[in-house]
Structure formats: C-alpha cells, structure tokens
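Structural description and commentary
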Amino acid sequence: MNVFLHFRSCSRDYGGIMSALGSDSWWKKTLYITGGALLAAAAYLLHELLAIRKEQELDSKDAIILHQFSRPKNGVPSLSPFCLKIETYLRMVDLPYQNYFDGKLSPQGKMPWIEYNHEQASGSEFIVDFLEEKLGVNLNNNLTPQERAVSRAVTKMVEEHLYWTIAYCQWVDNLEETQKLLAMSGPLSDTLKWLLSHLNGSMVRREMYGHGIGRFSKEEVYALMEKDMRTLATLLGDKKYFMGSKMSTLDATVFGHLAQAMWTLPGSRLEQLIKGELINLAMFCERMRRRFWPEWFVDVEDLYYDGDSESSGGGSPTGFGIFSRTDTLDDSDASSHSAGHTHTHSPDSDHSLFDSDVGTGSENDIQLKEELIPNLEV
C-alpha cells in the first residue's frame, strides 16, 4: 500500500513537472536543451582532458625528459612555481633536457617529474638529489655547512608557507586573471578554462584548509605572505644571488615562486609589493630571467608597478619545447658545478642581448634599476 501511494505521488510530481515544461514557451525549451547539451559536451571534453592518456614510449636513454604543465598564454614559462623551479635549475646547471607537456602526473601524483635512463624522480627536492647523484652537478658546492642549513630553512619557508599564499593569490583571490592565462583552444575553450580554473581553485581552498593556512581570513593570509616576502628581501639585500655572489639551488626555488608575483598577477598585492617597496626582489627576478631565459621577453612596463591593474599582455611565443644548452655561464660561475661537468658551446647559441650578467653595483645593475624604476635617482 505504501509503495502504491509513493508511486502515485511520484506520478503526480512527474506530471506536474511535464505540465510546467509544457506551459513554457518554445524558446525556453530550446534554452534548456541547448544549455544541457553544452554542459554535457564540456563535461565530456573535460573528462578527455583529465583522463589518463595512453602512455607513449619515451626514449630517456642519456636524455632528461621533463614532464610538466603546458605553457600559459602570456609568455611566462609556467604557472607552477615548482615546474619553473626545476626547468630553471636545469638551465642553471647547463643540462640538456626535453619538455613533455603531457599533463600526466608522476606515480606519486606529483608535477613536475623527470625520466632519465628509464628511471623516474618526482618532487623538486628529489629531482635535484637525483640529478646530483646521477650526473654529478651541484650548485651548492661553494656553500659552507651553515649556509647550506640557511638555504634549506629558507627553501622550506618558501615551498611550505609562501607557496600557499601565492596559490591563494593565483587561484582564489585573482582566479579570473589566472583563468585567462590557461592555454586552451577550440570552440569550448572558454568553458573548459572556467571549469578547470574553478576546479583548481576549489582544490586549493581544500588543501589550504588542510594545511592550516586556509583557516585564516584573506587579510591574515596576505599578512603572512608579506612577512615571508620581507624576509626574502632582507636576506637578499644588495647581493647578486641569495647566498652571495655565486648561484645556489635556493635561487631557482625563489625565482620559481617570485616569478608568479612578477608576471602572472597584474594589480595584485603581490605585484605591488615586489615591484614597489621590495624592488630588490624584482631586480633578482629580472636578473634570473635575463640570464637563464633569453627567449622569454617582457615589456619594460612589466618590470615595475605603476598602479594600473591592466596587464600589458605582451609575451614571447610559448613553444619552449626542447632545450639543449643555455650557454650563459661565465668563468665565475663554473666553480659552482662539479669538476667533472663540462660545458660545450653550440655555434648556434651565442650570448644574447637578454643574457646580461647583471651584477650588484655594476653598470648593468644601475641600468636595470633605471628600467625597473624609470625615475630612480642612483
């Protein structure tokens, strides 16, 4: 009896729904059907995009295969601080590598990750350890034990604390701006970018809450971000690199994170801070970009904050698919590598105009300051 009454109730509900639909005008019905079709198509394409792709055979014999996310649309190499860190590190140690923009995560669910001689390493710290062990490169040879300890402590501050405030700025507070940078094409690209950005934003919120930093208010999150940024600015001071005149792995780590503030978050608090009061951090980022990313062009207006929230949008093509040699290391930097690691210069890759070795107190450094702050008195 109860089942019969439930069936009659459901029938009445269904009949009421159909009656209501029947009373709607034809254009509303068309809108319902079209909207449903678009959502279904978007869901299907999103599934295809995120689905595990058929594994392709990669010949990683004596070749470094770097798996990472696709290039964004504005010329910045990556929206991921860790992907940019590792690719910059590979250029700093002058190791040839091949990018693989497959979007496939490592078996540990990490990005980026590398393959070399059919061995895998994931997680930026373990990738660096792997390359040091297998290929004998080491950017930290010149550091004292105390400097190594400071470098590791600052690395953890950047990767375990500052990272989350930058992620909040990218994927929560400035989601619409970040969404525009996603590289997608096709008739439903806007829909897919909206879906992916909001999915990622929701994931960042959940992970931040689990971390603990996401339980604070927006103002508190930004207060923590500013403390970390000021700590980095104080540590850098007027030095060329964070640990002195020689490069270290810490420089790749900090650059990967601060580049997001410099070139992906127009008008944000991060951009205002790094291009305003903490200008030495902006100079560091520009120094690293010129030295290790000669093909990555930016407008002079992108190097300082003028109060305009509009992005210049000017960038170089994003097809940095294969990289063989940076050829940017001078004799003063050679000692930061292992003794057994040699550098052979390619005749097709001479020094670039954007490959200036900007040193503290040099004429190049003064020129860089004038570019960053056109009205600066020096």
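Everything numeric in this text was worked out from a predicted model, so none of it was measured.

Below, the discussion takes up the side chain of Asp228. Tracing the backbone shows Asp228 in helix α8 (residues 218-236). The charged side chain of Asp228 is buried without a salt bridge, its nearest counter-charge being Lys227 at 8.5 Å. When residues no more than four places from it in sequence are discounted, the contact partners of Asp228 are Met157, His161 and Leu162.

Take the pairing of strand β4 (residues 119-122) next. Bridge count for strand β3 (residues 113-116) against β4 is four bridges, and the pairing is antiparallel. By the bridge assignment, Tyr116 is partnered in β4 with Glu119. Following β3, the chain reverses through two residues before pairing antiparallel with β4; Asn117 in that reversal takes a positive phi of roughly 50 degrees.

Turning our attention to the packing of aromatic side chains. Evaluation of the coordinates by the stated rule reveals eight aromatic pairs. Relative to Trp296, the ring of Trp263 has its centre 4.8 Å away and its plane inclined at 65 degrees; by these criteria the two rings are edge-to-face. Of the two residues, Trp263 sits in helix α9 (residues 249-263) while Trp296 sits in the loop between α11 (279-292) and β5 (322-323), which places them 33 residues apart along the sequence. Of the two residues examined, Trp263 and Trp296, each falls in the buried class.

Cis rather than trans, the peptide bond between Met111 and Pro112 has omega equal to 5 degrees. One can find Pro112 in the loop between β2 (97-100) and β3. Of note, Asp94 is a non-glycine position whose phi angle comes to about 60 degrees, a positive value. Among the secondary structure elements, Asp94 is positioned in the loop between α3 (81-92) and β2. Residue classification places Asp94 among the buried residues on the basis of a relative accessible area of 3%. Even without being glycine, His118 reaches a positive phi, approximately 65 degrees. Mapping His118 onto the fold places it in the loop between β3 and β4.

A word on the pattern of salt bridges. All told, the structure shown has 15 salt bridges when counted by the stated rule. Between Glu286 and Arg289 there is a salt bridge; the shortest N-O distance is 2.6 Å. Placement of the pair is Glu286 and Arg289 together in helix α11, with a separation of three residues, close to one helical turn. Residue classification places Glu286 among the buried positions, given a relative accessible area of 1%.

Reading the values: the criteria
Residues numbered from 1 in each chain as written. Predicted model: local features only at pLDDT ≥ 70, side-chain atom pairs only at ≥ 80, totals over all residues. Heavy atoms only, no water. Helix = DSSP H or I, 4+ residues; strand = E, 2+ residues; numbered from the N terminus. Buried < 20%, exposed > 50% of the residue type's maximum accessible area, 1.4 Å probe, protein only. Lys, Arg positive; Asp, Glu negative; His and termini not counted. Salt bridge = Lys/Arg side-chain N within 4 Å of Asp/Glu carboxyl O. Contact = heavy atoms within 4.5 Å. Pairing = 2+ DSSP bridges. Phe/Tyr/Trp six-rings, centres within 6.5 Å; stacked < 30°, edge-to-face > 60°.

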